[in-house]
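Take a look at the letters that make up each chain.
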Amino acid sequence: MNKLLYISTGLPEEEVKEIQKKQCNFASNAIMPISVFHRNIVLGHTKVYDEVQALCGVPISYKYYKILRYKSKRVEKDGVKYVIPGFFNISVIKQLTIVFKLFFHIVGWLVKNRKHNTNVIIDGSFYTGLVPLWFASKLFKIKSAAILVDYYAFMHPEQTTKAQKLYYKMLKSINCFAFVTKQLEAEVNVEKKDYIIMEGLVHISPEDDNEKEVEDYCMYAGGLHEMYGLKTLVDAVHESKIPYSLHLYGNGDTIEYVKEVSKKDPRIQYKGVVSHDELLEIEKKAKLLINPRPVHGQLDTRFNFPSKLMEFMQSGRPVITTRLLGIPEDYEHRMYFFEGDTKEELKKGLERVLSIDEKELAAFGKDAKKYINENKNNVARSKQLFEMLNSKDS
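Criteria and cut-off values
- Residues numbered from 1 in each chain as written.
- Predicted model: local features only at pLDDT ≥ 70, side-chain atom pairs only at ≥ 80, totals over all residues.
- Heavy atoms only, no water.
- Helix = DSSP H or I, 4+ residues; strand = E, 2+ residues; numbered from the N terminus.
- Rg over C-alpha atoms; globule rule 2.2 N^0.38 Å.
- Buried < 20%, exposed > 50% of the residue type's maximum accessible area, 1.4 Å probe, protein only.
- Contact = heavy atoms within 4.5 Å.
- Areas by Shrake-Rupley, 256 points an atom, 1.4 Å probe, with all protein chains shown as cover.
- Lys, Arg positive; Asp, Glu negative; His and termini not counted.
- Charge placed at Lys NZ, Arg CZ, Asp CG, Glu CD.
- Pairing = 2+ DSSP bridges.
- Axes fitted to C-alpha atoms, helices over the stretch in contact; angles between N-to-C directions.
- Arc of directions from axis to C-beta.
- Salt bridge = Lys/Arg side-chain N within 4 Å of Asp/Glu carboxyl O.
- Parallel < 35°, antiparallel > 145°, perpendicular 65-115°, else oblique.
- Left-handed = near helix turned anticlockwise from the far one by under 90°.

Trainee: Looking at this structure, how should I read the overall build of the protein chain?
Mentor: Scanning the protein chain for helices and strands turns up 14 helices and 16 strands. Computed over its C-alpha atoms, the radius of gyration of the protein chain comes to 21 Å, within 12% of the 21 Å expected for a compact globule of 394 residues. Each principal axis of the C-alpha atoms in the protein chain carries an extent, and together these give about 65 × 45 × 40 Å. The burial tally for the protein chain puts 56% of its 394 residues in the buried class. Restricting to contacts in the protein chain with at least 6 residues of sequence separation, those with at least 24 account for 73%. Working note: accessible area of the protein chain is about 18,400 Å², and carbon and sulfur atoms make up 52% of it. The positive charge centre, built from 58 side chains, and the negative charge centre, built from 51, are 8 Å apart in the protein chain.

Next up, the structure:
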């Protein structure tokens, strides 16, 4: 039998909703994108492996989640056995507890399944999960892969040089990789191990024959932070003559600014935080979906592909984005692009695309959805990882 242990922060959807109810301020929607990404790929693995177990860390802190003790949980859903170790929600104690619990669970799983073909896949940015896997690799021969959707050094510049050196040392114990961009592979894969490029994925879903009626709003969903270009986007819409409103979903440091501008311009509307399922339905009715992230801002876009772009494209509605450096060439004719990331360039881009006939916009969006569903689905990605992990060279 082929068995998989998947280590990440990809919690079951119900658990994410429960955390969102209790978390406050900017953290309330922070865990959604990464949980959706890992949950989707875990679901893809159920079509490839005979048994899939997801060992989950919980990305919360007492600053935002005022619960002192997080209880252990086991959940079985959609063919996946989720194991969520409990901990005391106190900084250092939390990390140490999780490391020890994950280590003993990994060892126990490997011993229990020693007569089967076992693979371990880990979120490469989940530092607290890498530590126990690294120790376990010194005791067992493990066929492992790491998925790197972010570059650790840029995600955590505050970490000491020693912490970063340990991180790269731990990565050396991994057999093969999935990188979010080619640039990230060139930066990290110095030992030239087997790899695939996986900028993102979508969960296979049946075609929605009942088309949604398009409404007169454009939208953005995600972190409402200035570093993501939200202030620039709001200013661009405010100074434009487009006859559509801008709906913004999520949390972040620009909320108060958005509310202030909305008092002068009713087209700009802050819609708060909604569940992921609600968000998917809202996206399907949008005139246009927008990603305004700066190309040369705080985040190095060579090493990043916003998961939100995949979700936007799967909605079947047209998407416009800045030309992030990590976007592969095969997306060139499946998204509209701003010519730059300044206020004026965002304004011109929106006016240009929104002047296109709705019939053409709808056809453009449907073509992008078809491409994503056929070429970037979670089952296809899971098969790629399985084949790479179980090749003779891995």
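Trainee: How should I be thinking about the sheet that holds strand 14 (residues 288-291) in this particular structure?
Mentor: Think of a sheet as strands paired side by side through backbone hydrogen bonds, with each pair either parallel or antiparallel. Sheet architecture is open: 6 strands sit in the order 13-12-11-14-15-16, paired in parallel fashion. Each edge of the sheet is formed by a strand with only one pairing partner; in this case those strands are strand 13 (268-272) and strand 16 (336-337). Note: strand 12 (residues 245-249) against strand 13, 4 bridges, orientation parallel. Residue pairing across strands places L248 opposite Y270, the latter belonging to strand 13. Strand contacts of helix 10 (residues 276-284): strand 11 (217-221), strand 12 and strand 14, with the helix running at about 145 degrees to strand 11, the strand carrying the most contacts.

Trainee: Teacher, can you tell me more about the sheet that holds strand 5 (residues 80-84) here?
Mentor: A sheet is described by the order of its strands in space; here 8 strands give the open sequence 4-5-2-1-7-8-9-10, paired in mixed fashion. Across the chains shown, the open sheet's two edge strands, defined by having one partner strand only, are strand 4 (73-77) and strand 10 (195-197). This sheet shows a mean twist of 15 degrees between the axes of neighbouring strands, independent of strand direction. Across 6 bridges, the pairing between strand 1 (residues 2-8) and strand 7 (residues 117-123) is parallel.

Trainee: Please explain helix 9 (residues 255-264) as it appears in this structure.
Mentor: Note that an α-helix has 3.6 residues per turn; residues three or four places apart therefore point the same way. Buried within helix 9 we find I255, V258 and V261. Seen from one end, helix 9 has its buried residues packed into an arc of 125 degrees, which puts them on one side. Facing away from the buried surface of helix 9 by more than 90 degrees, the exposed residues are E256, K263 and K264. For helix 9, the elements touching its buried residues are helix 8 (230-239), strand 12 and strand 13.

Trainee: Looking at this structure, I do not really get the pattern of salt bridges. What am I missing?
Mentor: Working definition: two side chains of opposite charge can pair if their charged atoms are close together. Under the defined criterion, the tally for this structure stands at 20 salt bridges. Within this structure, E199, D330, K376 and R381 form a network of salt bridges that share partners.

Trainee: Looking at this model, I keep getting lost on the packing of helix 10 against helix 11 (residues 307-314). Mind explaining?
Mentor: A pair of packed helices is captured by two measures, namely the crossing angle of their axes and the spacing between those axes. Two elements in contact, helix 10 and helix 11, have axes whose closest approach is 9 Å; the angle formed by their N-to-C orientations is 55 degrees. Here helix 10 is positioned oblique relative to helix 11, judged by the angle of their axes. By crossing handedness, the relation of helix 10 to helix 11 is classed as right-handed. For the pair helix 10 and helix 11, the contacting residues are H276, L279, L280 and E283 in the first and K308, E311 and F312 in the second.

Note that all results are geometric; they support no functional claim without further evidence.
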